[in-house]
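Structural features, examined
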Amino acid sequence: MDKKRRQQCLFWGILVMAAAVRCIRFAQVPAGINQDEAMAAMDAWALAQYGTDRYGIRFPVHFTAWKYGQMSVLLSYCMIPFIRIFGFGIFAVRLPMLLASCGSVVLVYLTGRKLFSDRMAIGLMLLTAVNPWHFMQSRWSLDCNLLPHVFLLGFYLLLLGFEKRRYLYLSMVFFGLTLYCYGVAVYSVIPFLAVYAGWCLWKKQLRGKEVLLCAGIFLAVSLPELLVMGINFFGLSTIETPFFTMSYFPESVRSNDILFLNFSFLQLKKNLNAMVGACILQLPDHLHNAIPEFGPLYDISTPFVVTGIITFTRDLFREKDPARQTRMMALWGFFITGVWIGLITYEVNVNRINLIFFPLIFLCGYGIAKVCALFRRAWMVILPAYGLCFALFLGAYFTSFEKEIKTNFNVNFLEAVKEADEMEAFPKLYITGHMDWQYNLSMAEILTQYACRIDALYYQEQTAITGGRELLPYGERYHFINVNYSNQPDPEGLYLLHISELEKLDFPCTIIKEIGNYILLQPAVSQG
């Protein structure tokens, strides 16, 4: 078999393997739904039906979401065609992230060829295919997790653009779209592009008019999101156009997450510790981000990552060829952009610093290549070691993780609230904010809306019909309560409470049904 044929076989073999394992019990594991995922889903469903989010805002540039905390829109807009094709459900909601993740496996290969060699590209592709972070984020839909995939697409086109300028200009479209993936893109992608443009001008790899055209394209794509940021920074009014809405969020607290808006050296130190813990030491994170025993990269990757960072930085500044050095600088800038996010953003976890993981995979591969260059048979140990790690990871993912994540993805609550909503004898529902793993009334509300498929117009109280049923107005039917405070019993109401809250009730009741850790009950009718 010749070299080209072998390369093609390896490429397709790795891609099919990566896609196949990511499709195993897709939309079933994780079971249930994450609260942010449910929020993005409900807004996507409303957009698919009415062209508004669930609050009635026409084609928002940024979602109101939790009111105190907003969400980026691109992932929800990507859900719309799948919702229209497959109907509203967890499969359609999660499919965009699965497709983006499989696509990024290909992009890692293509980028590896541009930066290094065909052999290195295959190795990097394989590293990505078996990477725990990449696998886990592909299986559910968190808005911010789209950022690294869209950035990687722009990054590859940027490298391609040094050969054919049309790809350079196309890359700016995707870099502009990163601002609609996650808020950190505003203070990370823009500095990356600005500094890299300066480097390219200095090294005479781009001309001034080419940089200006790139800036114009980027600005044209990203301007609505930049205007949203400006509106909220200066406290200006919402701007509505015939095509989209740029909203003011009076209750937002998101600016508290950015260090240079609330600077202190103590917080900078905490941010640095959080970044090192998440990316290098791979300390335990939220369960939906990483399985503690494996981390986002596997512990065996740590020495290779460190080796890759050191040797790549050394080789970058030793490189004499300006064109090759400029390509290498792009990857180094990609990595430094991730570090910048970690330093500036409040005590990052894996999903907040997700942009850094693709460059870490590249640098891990670079470190492995350096080790294999010194010890030619090292690959005979490294390859099976990663294979064993991936096999153990998959075993844990589909056994212990599958069981543990059900609590964090609210399986019990979703089942209980859906059953409560179907009991038509009760016109009113009183629903706890106890999620079995944290207490949050806003979370209970969005999960109720998702589980009960509450129509956006019904939520806005523009209609009394949702799911083919005519009900009391939303605000009269659905009540989200804290039993730690005195509640006047409603004889017409059905109460959904956590089992631990039963003893806190200050009125007698009749238990109708127990569902896992939740109970359905109604106030006892007085005979006096």
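It should be noted that the structure appears before, not after, this text.
A quick note: this is a predicted structure, and the numbers were derived from the prediction, not measured. (Residues numbered from 1 in each chain as written. Predicted model: local features only at pLDDT ≥ 70, side-chain atom pairs only at ≥ 80, totals over all residues. Heavy atoms only, no water.)

**Thoughts on the overall build of the protein**
When helices and strands are counted, the protein shows 19 helices and nine strands. Whereas a compact globule of 528 residues would reach a radius of gyration of roughly 24 Å, the protein reaches 25 Å, a difference of no more than 12%. Buried residues in the protein amount to 55% of all 528 residues. Partitioning the intrachain contacts of the protein with sequence separation of at least 6 by distance along the chain shows that 69% fall at a separation of at least 24. Carbon together with sulfur atoms contributes 62% to the accessible area of the protein, which is approximately 23,000 Å² in total. Averaging the coordinates of the 43 positive side-chain charges in the protein and doing the same for the 39 negative ones gives two points 19 Å apart. (Helix = DSSP H or I, 4+ residues; strand = E, 2+ residues; numbered from the N terminus. Rg over C-alpha atoms; globule rule 2.2 N^0.38 Å. Buried < 20%, exposed > 50% of the residue type's maximum accessible area, 1.4 Å probe, protein only. Contact = heavy atoms within 4.5 Å. Areas by Shrake-Rupley, 256 points an atom, 1.4 Å probe, with all protein chains shown as cover. Lys, Arg positive; Asp, Glu negative; His and termini not counted. Charge placed at Lys NZ, Arg CZ, Asp CG, Glu CD.)

**Description of the packing of helix H12 (residues 302–318) against helix H13 (residues 322–344)**
The interhelical angle for the contact between H12 and H13, taken along N-to-C directions, is 145°, at an axis separation of 9 Å. Here the hand of the crossing between H12 and H13 comes out left-handed. Residues Ile-309, Phe-312, Thr-313, Asp-315, Leu-316 and Phe-317 of H12 form the contact with H13, whose own contacting residues are Gln-325, Met-328, Met-329, Leu-331, Trp-332 and Phe-335. The residue inventory of the contact of H12 with H13, partitioned by class, reads nine nonpolar, two polar and one charged. (Axes fitted to C-alpha atoms, helices over the stretch in contact; angles between N-to-C directions. Left-handed = near helix turned anticlockwise from the far one by under 90°. Nonpolar A, V, L, I, M, F, W, Y, C, P; charged D, E, K, R; others polar.)

**Some points on the layout of surface pockets**
In this structure, the second largest pocket occupies an estimated 1,100 Å³ of space. In terms of residues, the lining of the second largest pocket owes the most to one element, helix H5 (residues 118–129), which gives seven residues. (1 Å grid on protein atoms, 1.4 Å probe; cavity = no way out; pocket = protein on both sides within 12 Å on 5 of 7 lines; lining within 4 Å. Points joined across faces, edges and corners; volume = space filled by probe spheres on them.)

**Some details on the pairing of strand E7 (residues 493–498)**
A regular strand places its side chains so that they alternate between the two faces of the sheet. Of all the six residues making up E7, six are buried; the element is thus mostly covered by neighbouring parts of the structure. Neither face of E7 is open: one carries Gly-493, Tyr-495 and Leu-497, the other Leu-494, Leu-496 and His-498, and all of them are buried. Of the strand pairs in this sheet, strand E3 (residues 428–432) and E7 are connected by four bridges, and their pairing is parallel. Bridge pairing links Tyr-430 to Tyr-495 in E7. Of the pairings in the sheet, the one linking E7 to strand E9 (residues 518–523) comprises four bridges and is antiparallel in character. Of the residues in E9, the one forming a bridge with Leu-496 is Leu-520. (Pairing = 2+ DSSP bridges.)

**Considerations on the pattern of salt bridges**
Enumeration over the complete set of coordinates arrives at 14 salt bridges. Between Arg-113 and Asp-118 there is a salt bridge, and its shortest N-O distance comes to 2.9 Å. Relative accessible area serves as the criterion here: at 42%, Arg-113 is assigned to the partly exposed category. A salt bridge links Glu-210 to Arg-165, with the nearest nitrogen and oxygen atoms 3.0 Å apart. With a gap of 45 residues between them, Glu-210 in helix H10 (residues 208–234) and Arg-165 in helix H8 (residues 165–177) connect regions that are remote in the sequence. A single network of salt bridges, built from pairs that share partners, joins Arg-165, Arg-207 and Glu-210. (Salt bridge = Lys/Arg side-chain N within 4 Å of Asp/Glu carboxyl O.)

**Concerning the nonpolar core**
Note that soluble globular proteins tend to have their nonpolar side chains buried in a common cluster. Phe-155, Phe-175, Phe-393 and Tyr-478 are the most contacted members of the largest nonpolar core, which totals 165 residues. Excluding residues that lie within four positions of it along the chain, Phe-175 makes contacts with Phe-151, Gly-154, Phe-155, Leu-158, Val-189, Phe-192, Leu-193 and Phe-218. Listed in part, the ten residues of the second largest apolar core include Ile-14, Leu-15, Tyr-109 and Ile-122. (Core = buried A, V, L, I, M, F, W, Y, C linked by side-chain atoms within 4.5 Å.)

By themselves, these observations are geometric and do not establish any function.
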